[in-house]
Amino acid sequence: DGQIGRTEKDFLSNQDKQNIHMYKGHSSLRPIKAPNGVDIVQEEDTIHKDHHYGPRQVMKPGELGNFEPRDYKIHTGPGEGGQPIYTSMEEKMAADRSLREFGFNMIASDKIAMDRTIPDTRMDECKYWHYPEKLPTASVIIVFHNEGWSTLVRTVHSVINMSPPHLLHEVVMVDDFSSKVHLKQKLDDYVKQFDGKVKLYRNKERLGLIRTRTLGADYSTGDVIVFLDAHCECNRNWLVPLLARIAYDRTILAVPFIDGIDWDNFRYSPVYQPGQLFRGIFEWGFLYKENSVPQKERNKHQYTSEPYWSPTHAGGLFAMDRKYFFELGAYDPGLLIWGGENFELSFKIWQCGGSVEWVPCSRVGHVYRNSMPYGFGNVQSKIPITLANYMRVVEVWLDDEYKEYFYTREPAVRGFPVSNITKQLEFKKTHNCKSFKWFIENIAYDVLEKFPYPPRNRAWGEIKQKHGTMCWDTKGQRAGGGGYLDVTPCHHLGGNQMFRLNVAGQMAVGERCIEKSGEGVTIVFCPVDPSGPWELADNGLLHHTKSGTCAEATGQGKLLMRPCVASKESQKWEINEIRTW
Ligand code: LR7
Ligand code: MN
């Protein structure tokens, strides 16, 4: 319904791809998408520093500090060096089928070697870092549900190949109740070749990725747990910089830079331009965003390649002290299947004394799917599962004034009963965890720069004709596409017919805003300032004050901005709240 957190995948258009290379000169606040499909909410301020590495030497491949398998450079074949794969016309049908089944083009993936080489996307500086000799060992945990074969197996291979053997304690695979044949006996047999280094566990029911990860951590016996999605490729020396942070301070959650692997051609590309640093934030509906690292944080570091603080992270790929994970109560077991667990763990860590760091010298590629191929099993929920998860996180970790901002952004779930959070609140108390206000003001302060506190809603719900049965409808269009809103028969289900009008005159749908465009009405990226030109008068006229026009429904189902005429029935509207529970 356009409002489902990171299941809303707007993937790169060709224009967006060009924008990525343009964003230095880009001055508008229009979000740009990185190859990971995540909004970057601000252009990068480029900083050039002179780096003095001192007398240190570049380490040789294979040495700790620059680990890479010995024969890594001599591979040839399709996809080597992270090059894209060509899919022929004859293969197109099968490729499309695999796309629907797995979320990416398996015909392309199947052509690529399990141990293909990928480009070294690290900053040059990374080759000069020296890491401690003595480091904790890692259990790499890969949970999966109905994943494609070659992508899953390539993940395991890359972990084995790219990690120093003495630091890789084990690979723990946990099958979240998959039904695909290739994940049965064939996978059992595959795992055997690793002589116990790779362990395979299977759920007896669908638990979802969040609970399955906690189970994986339970099965693990290394000092550190490292979670990876089941479609990743680890880059040179990806593991050591993560472990080094945890060796330094066991309450650090260390996050690698996540490069992009294309879902169609499997091209491996660096997530940001060289020297650019981003970190994880969120808007008030808890859609995950990435923001240029604020100067205040940059100033703490001498080198661009140093790990830095981040309010949160995308969720899938990170390393953490195993015991610390359980001291924190692991993931909240009340979270269902998918979504919000990244915020739960990040808020818990920050507010209760730990920290989240992004580590530029650790690089792992992740295949961003073009769509989510799986459903959420038998879990019943009257509101979207991700929203139910966000609500738990909000009710546990946000202070009252901050909860209000979330419910302003997602008014339809206000009052929905969250499942029992007594234990979580108890934990917060006994561990003397700090307030969300402290977190926002001291750590996540850039959230406010990009997403100021939203004014209260004046009205929300469907925008319905006072004397008719038609409603405003976005038809699922995206911001910036230039398409117009129409009026369609009211379905009372919310979704594309769910709007919010705040007391400062901003009209929004989900995280996006509604604006007049020519004679019509369109979806735009919201300005930072959460105010706008809309006014709902008592007589039902919906004014666009800036242009002095009013919204009018035509007999042909169009929504037009016309001179205001108080006697016209086609200009009379009411905004009715919609709940699905
Ligand atoms: O029911 C399930 N059971 C599972 O075991 C659903 C999924 N899974 C597995 C799945 O096979 C995969 O290995 O869990 C892993 C993550 O699922 P994906 O790859 O379908 O999700 P995603 O990449 O869209 O999800 C991102 O958000 C999730 C929210 O819960 C998790 O945090 C994912 O780990 C996270 N992925 C990343 O952070 C990778 C990078 C970027 C993004 C976005
Ligand atoms: Mn994934």
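Because the structure is a prediction, the values reported are computed rather than measured.

The rules behind each value
- Residues numbered from 1 in each chain as written.
- Chains lettered and ligands numbered in written order.
- Predicted model: local features only at pLDDT ≥ 70, side-chain atom pairs only at ≥ 80, totals over all residues.
- Helix = DSSP H or I, 4+ residues; strand = E, 2+ residues; numbered from the N terminus.
- Buried ≥ 20, exposed ≤ 12 C-beta atoms within 10 Å, placed from the backbone.
- Contact = placed C-beta atoms within 7 Å.
- Near = placed C-beta within 6 Å.
- Nonpolar A, V, L, I, M, F, W, Y, C, P; charged D, E, K, R; others polar.
- Core = buried A, V, L, I, M, F, W, Y, C linked by C-beta atoms within 7 Å.
- Domains from an automatic or database assignment.
- UniProt positions renumbered as here; feature names shortened; annotations may be inferred.
- Pairing = 2+ DSSP bridges.
- pLDDT = per-residue confidence, 0-100.
- Axes fitted to C-alpha atoms, helices over the stretch in contact; angles between N-to-C directions.

### Describing the overall build of the protein chain
Moving on, step 1. Helix and strand content of the protein chain: 15 helices and 26 strands.
Moving on, step 2. Burial status across the protein chain gives 46% buried among its 581 residues.
Moving on, step 3. The long-range fraction of contacts in the protein chain, counting pairs at least 24 apart against all pairs at least 6 apart in sequence, stands at 76%.

### Notes on the site of ligand 1
Moving on, step 1. Every one of the 23 residues lining ligand 1 counts as a neighbour, but L209, A230, A314, G315 and G316 are closest to it.
Moving on, step 2. Of all the secondary-structure elements, those providing two or more residues to the shell around ligand 1 are β3 (138-144), α6 (208-219) and α10 (341-351).
Moving on, step 3. Per-element accounting of the shell around ligand 1 gives the leading share, 3 residues, to α6.
Moving on, step 4. Class assignment for the residues of the shell around ligand 1 results in 9 nonpolar, 9 polar and 5 charged.

### Re the nonpolar core
Generally speaking, nonpolar side chains in soluble globular proteins are found buried as a group.
Moving on, step 1. Ranked by size, the top nonpolar core spans 126 residues in total, and within it I141, I142, V226, L243, A319 and F499 carry the most contacts.
Moving on, step 2. By residue number, the principal contributor to this core is helix α11 (residues 385-397), which donates 9 residues.
Moving on, step 3. Two domains share this core, each providing at least three of its residues, namely domain 1 (75-367) and domain 2 (457-576).
Moving on, step 4. In terms of nonpolar packing, the next biggest core, distinct from the first, is built from 14 residues, F104, I261, W263 and Y368 among them.

### Considerations on the environment of A553
Moving on, step 1. Of note, A553 is situated in strand β24 (residues 549-553).
Moving on, step 2. Ignoring anything within four residues of it in the chain, the contact list for A553 reads Q465, M470, V487, L559 and S570.

### Focus on the UniProt feature "domain: Ricin B lectin" (unreviewed entry) in the protein chain
Moving on, step 1. Mapped onto this numbering, the UniProt entry gives "domain: Ricin B lectin" (unreviewed entry) at residues 457-576.
Moving on, step 2. From the first C-alpha to the last, residues 457-576 spans 13 Å; its make-up is 0% helix and 46% strand.

### Some details on the pairing of strand β21 (residues 520-524)
Moving on, step 1. Pairing between strand β20 (residues 512-517) and β21: 5 bridges, direction antiparallel. The partner of K516 across the bridge, within β21, is V521.
Moving on, step 2. Linking two consecutive strands that pair antiparallel, namely β20 and β21, is a turn of 2 residues; a positive phi of about 60° is found at G518 within it.

### Considerations on the confidence of the model for the protein chain
Moving on, step 1. When pLDDT is averaged along the protein chain, the result is 89; 89% of the residues meet or exceed 70.
Moving on, step 2. When the criterion is pLDDT under 50, residues 1-31 qualifies, and its contacts beyond four places in sequence or with other chains add up to 52 contacts.
Moving on, step 3. For residues 42-64, every residue scores under 50 in pLDDT, and the model assigns this stretch 35 contacts once sequence neighbours within four places are set aside.
Moving on, step 4. In the predicted assembly, ipTM is 0.97 and pTM is 0.89.

### Some points on the sheet that holds strand β25 (residues 559-563)
Moving on, step 1. Taken in spatial order, the 4 strands line up as β22-β23-β24-β25 in an open sheet, and their pairing is antiparallel. Of all strands in the sheet, those with a lone pairing partner are β22 (534-536) and β25, marking the two edges. Strand after strand, the sheet turns through a mean of 35° between neighbouring axes, direction not considered.
Moving on, step 2. The pairing of strand β23 (residues 542-544) with β24 spans 2 bridges and is antiparallel. Paired with H543 across the two strands is C550, which belongs to β24.

### Let's talk about the pairing of β20
Moving on, step 1. The pairing of strand β19 (residues 507-509) with β20 spans 2 bridges and is antiparallel. Looking at β20, one finds that A508 is bridged to C513.
Moving on, step 2. Counting the residues that bridge the hairpin from β19 to β20 gives 2 residues, and of these G510 lies at a positive phi of roughly 60°.

### Comments concerning unusual backbone geometry
Moving on, step 1. Look at N237: it is not a glycine, yet its phi comes out positive at around 55°.
Moving on, step 2. Among the secondary structure elements, N237 is positioned in the loop between β7 (232-234) and α7 (239-248).
Moving on, step 3. Residue classification places N237 among the buried positions, given that 28 C-beta atoms sit within 10 Å.
Moving on, step 4. Positive phi, close to 60°, is recorded for H492, a residue that is not glycine.
Moving on, step 5. Tracing the backbone through its elements, the reader meets H492 in the loop between β17 (486-489) and β18 (499-502).

### A word on the environment of P256
Moving on, step 1. Along the polypeptide, P256 turns up in strand β8 (residues 252-261).
Moving on, step 2. Look at P256 and you get buried, because 27 C-beta atoms sit within 10 Å.
Moving on, step 3. Considering only alpha carbons, one finds P256 and G365, 109 residues apart in sequence, at a separation of 9.5 Å.
Moving on, step 4. The residues contacting P256, other than those within four sequence positions of it, are W238, L242, L317, V359, S362, R363 and V364.

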